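Structure assessment
So you can see what is in the structure, the chains are spelled out below.
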Amino acid sequence: MLAQYIGRRLLLLIPLLFIVSIISFALIQLPPGDILNMEVLRLRSAGTQISEEQVEALRQLYGLDKSMPEQYWLWLSNILLEGNFGTSFTYVKPVGEILAARVPLTAAVAIFTALFVWITAVPIGVYSATHQYSLIDYFWTFISFIGIATPGFLLALIFLWVAFVLFDISAIGLFSQQYETAPWSWAKFLDMLQHIWVPIVIIGMAGTAGLMRTMRGMMLDELNKQYVITARSKGLTEIRLLVKYPVRTSLNPMISTIGWMLPSIISGEVLVSMVLNIPTTGPVLLQALLNQDMFLAGSIVFILSVLTVIGTLISDILLVWLDPRIRYEGMT
Amino acid sequence: MTQDALLEIKNLKTYFHLQEGIVRAVDGVSFDIQRGQTLGIIGESGCGKSVTAHSILRLVPAPPGNIVQGEILLHRQQVPWRATVGRDNGNSATVGRDNGNSATVGRDNGNSASVDLAQLDPRGAAIRAIRGAEISMVFQEPMTSFGPMHTIGNQIIESILLHQAGMDKTEARELAIENLRKVGIPRPTEIVDAYPHQLSGGMRQRAMIAMALSCSPRLLIADEPTTALDVTIQAQILELLMALQEEFGMAMMFITHNLGVIAEVADEVAVMYLGRIVEQASVTKLFDNPQHPYTQGLLNSIPHIDEEKLPRLRAIEGVVPDPYEIPRGCAFSDRCPSFMPGRCDQAIPDLVAREQGHLVRCFLYSEAEEKLTRI
């Protein structure tokens, strides 16, 4: 029955991704003008003479003279049939090549951030709820309000400053210098793990702060429920009954927010990555949008949307797997 | 009636220390529960009957709740000399309860067969070994009494494995199925793997009883077990409980606000009002000859089927007072039809024997009075 449910959800992905691709394409076409306007402006300001015929020729070369649906179809079919995301005007490189290095890093940062958020927020939330109004509860409440209220890039700036002034460490980047351009190896991976926690903690701060509060609130609701008292009246130890009953029930909203967590991590990541100079998709997306580099921007938006949709699917499957009430009612 | 107490509660006081003030939820309650017998506790919402039950298993949330005084003695074995005392001098037994005479106090010294639950750490191993094994509890809300994420069987087996050493999972599962069958659940081999939300309220309450009985407790505390159920299911559950009590030979403490239910199941009845027992007697004595004005009011408020025409239900005047503004003197004085000014509002009457085995806390029958400690 679970396999059937997953199968149905996978089939539903097809129309969903189709719609996502249309929206991605439409979004990047929304601003007036196109890449050629920018390019011509740049060339002319540099003093290069460029005739209207040349512009028209370029326009034909990139397929910009065609109608919107045609352009869209060209773009999508190239991606689907040849895995060709088009060419970036600004980098003068295939989009696929640019993203191949950056999307996995973005995914890694996102997944590690999600894990970090979970691993810190759930125990703190449980502790805060079981020790409501204690000193430690107030401490975490204070921390979480700061975490929610402080923008990530500011936190990144403060962190850089503190690391530099107090410890004389440059916390910028994801790799040590000798590995920056080196091909992937085990040593490079280990080097990345040494650096990646800085962006993870900074990006995850807001998420942890929010989830901590959610977990605390959910637990407070559950702790007074009859079934917790029933479990206690059976003679279970406090830890065992907490983990088995209220924590388990409280995890539901945590799991269902996995899907939403990815986009918020990715959008929160843009500015933090700019500040920390991390080679993820964020800074590239911003640059591409500024330059109207439509193939690059469109591809990034599309790929990130696909990742989000998949994240939501994973969280839904997890929910069905974990919660019998959803398993039996939602699936039939 | 045999004098063979399984549980003895002496002058139990459970207070809640809240920001608004101290709520004296249970304020000096004493009673015995005899082996194999049923004690019914009756009273309105907020009279402290549930807190009394929760105090026995030490389930009162602390803070804010706290047992400030009193003893809750669980006698695991029959106390030999006690059987000779008998109920024929019921008066002395009553006096002994209130004064805590030396014989009673001396009994728990060095007697491992008796344990004072009020002295145990509410999170400690000693009380956990008693919960669910020697004393188990059935609650009011069948809809939320089971955790929603695990099967009924899982939760029953958990309890069995916890308390019955030497049982493996398959044996525990067999026992769980056996108990589900005993409480009248059809297709127990299937239901054992059902989730709580798949069962009706009545079925869940049966499963709850099966879980409570899974370790053959000496005492079953039933805290309004039928209140949330409709009347036909209510009757079935009551019959089931009484049949199981006979089969398992356990004692029962039955808490309800329903007089009809108490008349059916209880041997002995205690009426509670605002944290104190106001009247206690055998079920026949209490219903035939209620003494306390509160008990009389409760019984009068039941509509009788044989009355030809009942214009209005005779309700007790007023409402239960706010727990922070309990009247000075007798707590019932502001609603009492027999209120005696200068007497009832000056002191709290003692719980005294009106006749053999019939205790009443009212100045109509007694000169004795407790010292007024409250302002």
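Residues numbered from 1 in each chain as written. Chains lettered and ligands numbered in written order. Predicted model: local features only at pLDDT ≥ 70, side-chain atom pairs only at ≥ 80, totals over all residues.

Remarks on the overall build of chain A
Each helix and strand counted, chain A has 14 helices and 2 strands in total. Referenced to the eigenvectors of the C-alpha coordinate spread, the extents of chain A come out at roughly 85 × 60 × 40 Å. Taken across its 332 residues, chain A has 32% of its residues classed as buried. Of the contacts formed within chain A by residues at least 6 apart in sequence, a portion of 72% connects residues at least 24 apart. (Helix = DSSP H or I, 4+ residues; strand = E, 2+ residues; numbered from the N terminus. Buried ≥ 20, exposed ≤ 12 C-beta atoms within 10 Å, placed from the backbone. Contact = placed C-beta atoms within 7 Å.)

Comments concerning the packing of helix H7 (residues 152-167) of chain A against helix H11 (residues 258-276) of chain A
Angle between the axes and distance between the axes: these two values describe a pair of packed helices. Residue and element names in this part refer to chain A. With their axes 8 Å apart at the nearest point, H7 and H11 run at an angle of 25 degrees to one another. Judged by the angle between their axes, H7 and H11 are roughly parallel. As H7 runs across H11, the sense of the crossing is right-handed. Within the contact between the two elements, H7 uses Gly152, Phe153, Ala156 and Leu157 and H11 uses Gly268, Leu271, Val272, Val275 and Leu276. Of the residues contributing to the contact of H7 with H11, the split by class is 7 nonpolar, 2 polar and no charged. (Axes fitted to C-alpha atoms, helices over the stretch in contact; angles between N-to-C directions. Parallel < 35°, antiparallel > 145°, perpendicular 65-115°, else oblique. Left-handed = near helix turned anticlockwise from the far one by under 90°. Nonpolar A, V, L, I, M, F, W, Y, C, P; charged D, E, K, R; others polar.)

Structural notes on the interface of chain B and chain A
Each partner contributes residues to the interface: chain B has 24 residues there, and chain A has 20 residues. Of all the secondary-structure elements, those providing two or more residues to the side of chain B that touches chain A are helix H4 (125-130), strand E6 (135-138) and helix H5 (152-163) of chain B. Element by element, the count of residues in the side of chain B that touches chain A is highest for H5 of chain B, at 3 residues. In terms of residue class, the side of chain B that touches chain A is made up of 11 nonpolar, 9 polar and 4 charged.

What about the pairing of strand E3 (residues 38-42) of chain B?
Sheet faces and side chains relate simply in a regular strand, where the side chains alternate between the two faces. Residue and element names in this part refer to chain B. The buried count for E3 comes to 5 of 5 residues, which makes it a mostly enclosed element. Burial along E3 is two-sided: Thr38, Gly40 and Ile42 facing one way and Leu39 and Ile41 facing the other are all buried. By the bridge criterion, 5 bridges tie E3 to strand E8 (residues 251-256) in an arrangement that is parallel. In the sheet register, Ile41 faces E8, and the bridge partner there is Ile255. With 4 bridges joining them, E3 and strand E9 (residues 268-273) adopt parallel strand pairing. Counted as the bridge partner of Leu39 is Glu268 from E9. (Pairing = 2+ DSSP bridges.)

A few points about the packing of H5 of chain B against helix H8 (residues 201-212) of chain B
Residues and elements named next belong to chain B. Where H5 meets H8, the axes come as close as 9 Å, and the angle between the chain directions of the two elements is 20 degrees. Taken together, the axes of H5 and H8 are roughly parallel relative to one another. With respect to the hand of their crossing, H5 and H8 are arranged in right-handed fashion. Counting all contacts with H5, which are made through Ile152, Gln155, Ile156 and Ser159, the residues of H8 involved are Ala207, Ala210 and Met211. When its residues are assigned to classes, the contact of H5 with H8 shows 5 nonpolar, 2 polar and no charged.

Comments concerning the sheet that holds strand E12 (residues 352-355) of chain B
All names here are of chain B. In spatial order, the strands read E6-E7-E8-E3-E9-E10-E13-E12; together these 8 strands make up an open sheet with mixed pairing. At either margin of the open sheet sits one strand with a lone partner, and together these are E6 and E12. Within this sheet the neighbouring strands show an average axis-to-axis angle of 25 degrees, counted without direction. For strand E7 (residues 219-223) and E8, the ladder comprises 5 bridges, and the chain directions are parallel. By the bridge assignment for E8, Ala222 is matched with Phe254.

Considering helix H6 (residues 135-149) of chain A
Residues and elements named next belong to chain A. Taking 1.5 Å of rise per residue, the 15 residues of H6 would be expected to cover 21 Å, and the 21 Å separating its terminal C-alpha atoms lies within 8% of that figure. Within the span of H6, buried status applies to Trp140, Ser144 and Gly147. In a view along the axis of H6, the buried residues occupy a sector of 60 degrees, so they form one face of it. Counted as exposed and oriented over 90 degrees from the buried face of H6: Leu135, Phe139, Phe142, Phe145, Ile146 and Ala149. Tucked into the core, H6 has its buried residues touching helix H5 (95-130) and helix H8 (186-223). (Expected span 1.5 Å × (residues − 1). Arc of directions from axis to C-beta.)

Shape is all these values report; function is a separate question.
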